[in-house]
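Chain residues, written in single-letter form:
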Amino acid sequence: MPSIFAYQSSEVDWCESNFQHSPLVAEFYNTFSNVSFLVFGPLMMFLMHPYAQKRSRCIYGTLVLFMVIGLFSMYFHMTLSFLGQLLDEIAILWLLASSYSIWMPRCYFPTFLAGNRSQFTCLVIATTMISTFLSFLKPTVNAYALNSIAIHILYIVYQEYRKTSNKELRHLIEVSVVLWACALTSWISDRFFCSFWQRINFSYLHSIWHVLISVTFPYGMVTMALVDANYEMPDQTLKVRYWPQDTWPVGLPYVEVQGDDKSC
């Protein structure tokens, strides 16, 4: 049985033509569109630093995983190797696990955990380790399984949208869902309608997915930070800011922590 560390081609091949722009890069645009992860990751780490100091330093680890996804995705699309595919998908899996552990509201925990976040984190880690092992068995279904997790996240977001009257939170949820829907549409279109896009010489939808999902994550992160603050930081007020300027029509969201006299 060959080692996974020996070169093996991935069974997944995206719509973009291979080695068209460089003999060293299989999918040029799909590779370099991941630069957005390496730009937004450090920037969000800087912008969210005061919040992470108050809430959890594990947030730095989540943002490191976000950047690691960009690096592994670049490696995968540069080589189209089986190892690159696994590294990319496993990094995404652990990013989701990290986000669940930090921001999942206690009211959505399984009842047998009685709202204990430490036990919930252990459950998430155990489940993620098992899922990591299973990802080696049928790699072609990994991407579909990862995208299906979004259904549970959408359920939680929908429940919180119904509960809140906070206009900032409602706006963030709306923008996050629209961005995610656009990103997923790009992913599905590239995967299942490749022949059409090749006929019109536009085989770049997977690279658009990279850019859109790298923007969606900061919006989703700030959305969950606001939701989480209602449960975990009742004595603090989080103010949503946008980089580089609040007044610009588009920007990268982050939260500013303000003291408050609210009581639990």
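Refer to the structure above for everything that follows.
Below is a short write-up of the structure. Everything quoted here is computed from the prediction, not taken from an experiment. One numbering rule holds for all chains: residues counted from 1, following each sequence as written. Whole-chain, interface and lining totals are the exception, using all residues; otherwise, since this is a predicted model, local features are given only for residues with pLDDT of at least 70 and side-chain atom pairs are given and counted only at 80 or more. To obtain the side-chain values, all non-hydrogen atoms of the structure were used and water was disregarded.

1. Examining the nonpolar core
General note: in soluble globular proteins, nonpolar side chains tend to be found buried as a group.
Line of reasoning, step 1. Met44, Met48, Tyr51, Ile59, Trp103, Met221 and Leu238 are the most contacted members of the largest nonpolar core, which has 47 residues in total.
Line of reasoning, step 2. Helix numbers and strand numbers start at the N terminus; a helix is a DSSP run of H or I with at least 4 residues, a strand a run of E with at least 2. Looking at this core element by element, the count peaks at eleven residues for helix α10 (residues 205-232).
Line of reasoning, step 3. The contact rule is simple, with two residues in contact once any of their heavy atoms fall within 4.5 Å. In this structure, Trp103 is in contact with Tyr51, Ile59, Thr62, Arg117, Met221, Met224, Ala225 and Asp228, ignoring residues within four places of it in sequence.
Line of reasoning, step 4. Listed in part, the nine residues of the second largest apolar core include Met104, Leu113, Val124 and Ile156. Buried Ala, Val, Leu, Ile, Met, Phe, Trp, Tyr and Cys residues that are joined via side-chain atoms within 4.5 Å together make up what is termed a nonpolar core. The buried label goes to any residue with under 20% of its type's maximum accessible area, the exposed label to any with over 50%, and the partly exposed label to all in between, with areas taken from a 1.4 Å probe on protein chains only.

2. Focus: empty space enclosed by the protein
Line of reasoning, step 1. In the cavity and pocket records, a cavity denotes points on a 1 Å grid over the protein atoms alone where a 1.4 Å probe fits but cannot get out, a pocket denotes an open set with protein on both sides within 12 Å along at least 5 of 7 lines, and lining residues are residues with an atom within 4 Å of a point. Grid points are joined across faces, edges and corners, and a volume is the space filled by probe spheres set on the points. In this structure the tally under the stated criterion is one cavity of 30 Å³ or more.
Line of reasoning, step 2. In this structure, the largest cavity encloses a volume near 1,100 Å³.
Line of reasoning, step 3. Taken together, 46 residues make up the lining of the largest cavity; nearest its centre are Ile92, Leu96, Ile153, Trp180 and Ile213.
Line of reasoning, step 4. Of all the elements in the fold, those that place two or more residues in the lining of the largest cavity are α4 (58-79), α5 (82-103), α7 (142-163), α8 (167-192) and α10.
Line of reasoning, step 5. Looking at the lining of the largest cavity, its residues break down into 30 nonpolar, 13 polar and three charged. Note on residue classes: Ala, Val, Leu, Ile, Met, Phe, Trp, Tyr, Cys and Pro are nonpolar, Asp, Glu, Lys and Arg are charged, and everything else, Gly too, is polar.

3. Some words on the state of the cysteines
Line of reasoning, step 1. Pairs of cysteine sulfur atoms within 2.5 Å are what we label disulfides. Summed over all chains, the structure comprises one disulfide.
Line of reasoning, step 2. There is a disulfide in this structure between Cys15 and Cys194, and the S-S distance comes to 2.2 Å. Here the S-S torsion is close to 90°, and the disulfide linking Cys15 with Cys194 is therefore right-handed. Of the two residues, Cys15 sits in the segment before α1 (28-32) while Cys194 sits in helix α9 (residues 194-199), which places them 179 residues apart along the sequence. In this pair, the class of Cys15 matches that of Cys194, namely buried.
Line of reasoning, step 3. Cysteine Cys122 shares no disulfide, and the gap to the nearest cysteine sulfur, in Cys58, comes to 12 Å.
Line of reasoning, step 4. Cys122 sits in the exposed class, given a relative accessible area of 52%.

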